[in-house]
Amino acid sequence: MNKKIAIPIENGLLCSHFGHCQNFAIVTVKDNKIINIEEVIPPDHKPGLYPRWIASLQVTDIIAGGIGQKAIQLFNQQNINVLVGGSIKTAKQIVEDYIAGNLSLSANFCNHNGSNTHNCQH
């Protein structure tokens, strides 16, 4: 597996709401081994900006806790695979689980209801 995986982070752990994270862990995987983990500060969150910004970092996959459906569509348009419902762990633990085929995914923690309100916890 050769991938570059973005994980939204808050206080060192997966952030349950993608658009409100403090930073992103960008994890480079080569030959099924983590070769680099870099934390980057995202630009100010504006609708539609993150997909282009993350694509510019050559990311292939995103592992998120919760993310809106529109954002998923925008990432898919950038050829970025989105995995939703990740466990609240460190980026390294999450990617190690992914590499080993043990990534546990649950429900999307953030389901926007089409209006300006949504039911996620942030």
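Residues numbered from 1 in each chain as written. Predicted model: local features only at pLDDT ≥ 70, side-chain atom pairs only at ≥ 80, totals over all residues. Heavy atoms only, no water.

(A) Here's a closer look at the overall build of the protein chain. Within the protein chain, the regular secondary structure consists of three helices and six strands. Along its sequence from the N terminus, the protein chain presents helices and strands in the succession β-β-β-β-α-β-α-β-α. Burial status across the protein chain gives 40% buried among its 122 residues. Looking at the protein chain alone, contacts between residues at least 24 apart form 50% of all its contacts between residues at least 6 apart. Per element, the accessible surface of the protein chain, about 6700 Å² overall, is 47% carbon and sulfur. (Helix = DSSP H or I, 4+ residues; strand = E, 2+ residues; numbered from the N terminus. Buried < 20%, exposed > 50% of the residue type's maximum accessible area, 1.4 Å probe, protein only. Contact = heavy atoms within 4.5 Å. Areas by Shrake-Rupley, 256 points an atom, 1.4 Å probe, with all protein chains shown as cover.)

(B) Expanded view of the pairing of strand β6 (residues 81-84). The pairing of strand β5 (residues 61-64) with β6 spans four bridges and is classified as parallel. In the sheet register, Asp-61 faces β6, and the bridge partner there is Asn-81. (Pairing = 2+ DSSP bridges.)

(C) The arrangement of the confidence of the model for the protein chain in detail. Looking at the protein chain, pLDDT values average 88 and 89% of them are 70 or higher. pLDDT under 50 marks residues 111-122. Its contacts with residues more than four places away, or in other chains, come to 13 contacts. (pLDDT = per-residue confidence, 0-100.)

(D) Structural view of the pattern of salt bridges. In total, this model carries three salt bridges according to the counting rule given. We note a salt bridge from Asp-97 to Lys-89, for which the minimum N-O separation is 2.6 Å. Accessibility expressed as a relative area gives 29% for Lys-89, which makes it partly exposed. The residue Lys-92 makes a salt bridge to Glu-96 at a minimum N-O spacing of 3.9 Å. On the criterion of helical spacing, the pair formed by Lys-92 and Glu-96 is a turn pair, its members being four residues apart in helix α3 (residues 91-100). (Salt bridge = Lys/Arg side-chain N within 4 Å of Asp/Glu carboxyl O.)

(E) Structural view of the environment of Gly-19. In this fold, Gly-19 is placed in the loop between β2 (13-14) and β3 (23-30). Distance in space between the C-alpha atoms of Gly-19 and Pro-47 is 9.0 Å, their sequence separation being 28 residues. Excluding anything up to four places from it in sequence, Gly-19 contacts His-45 and Tyr-50.

(F) Layout of unusual backbone geometry. The backbone phi angle of Asn-11 is positive, close to 55°, even though this residue is not glycine. Position of Asn-11 relative to the elements: it lies in the loop between β1 (3-10) and β2. In this structure, Asp-31 is a non-glycine residue whose phi angle is positive, near 50°. Looking at the element boundaries, Asp-31 is found in the loop between β3 and β4 (33-40). Assessed through its relative accessible area of 54%, Asp-31 is described here as exposed.

(G) Fine view of empty space enclosed by the protein. Counting across every chain of the model gives one cavity of 30 Å³ or more. Approximately 40 Å³ is the volume attributed to the largest cavity. If you go around the largest cavity, the residues you meet are Ser-87, Lys-89, Ile-94, Asp-97, Asn-102, Leu-103 and Ser-104. Of the residues assigned to the lining of the largest cavity, the class counts are two nonpolar, three polar and two charged. (1 Å grid on protein atoms, 1.4 Å probe; cavity = no way out; pocket = protein on both sides within 12 Å on 5 of 7 lines; lining within 4 Å. Points joined across faces, edges and corners; volume = space filled by probe spheres on them. Nonpolar A, V, L, I, M, F, W, Y, C, P; charged D, E, K, R; others polar.)

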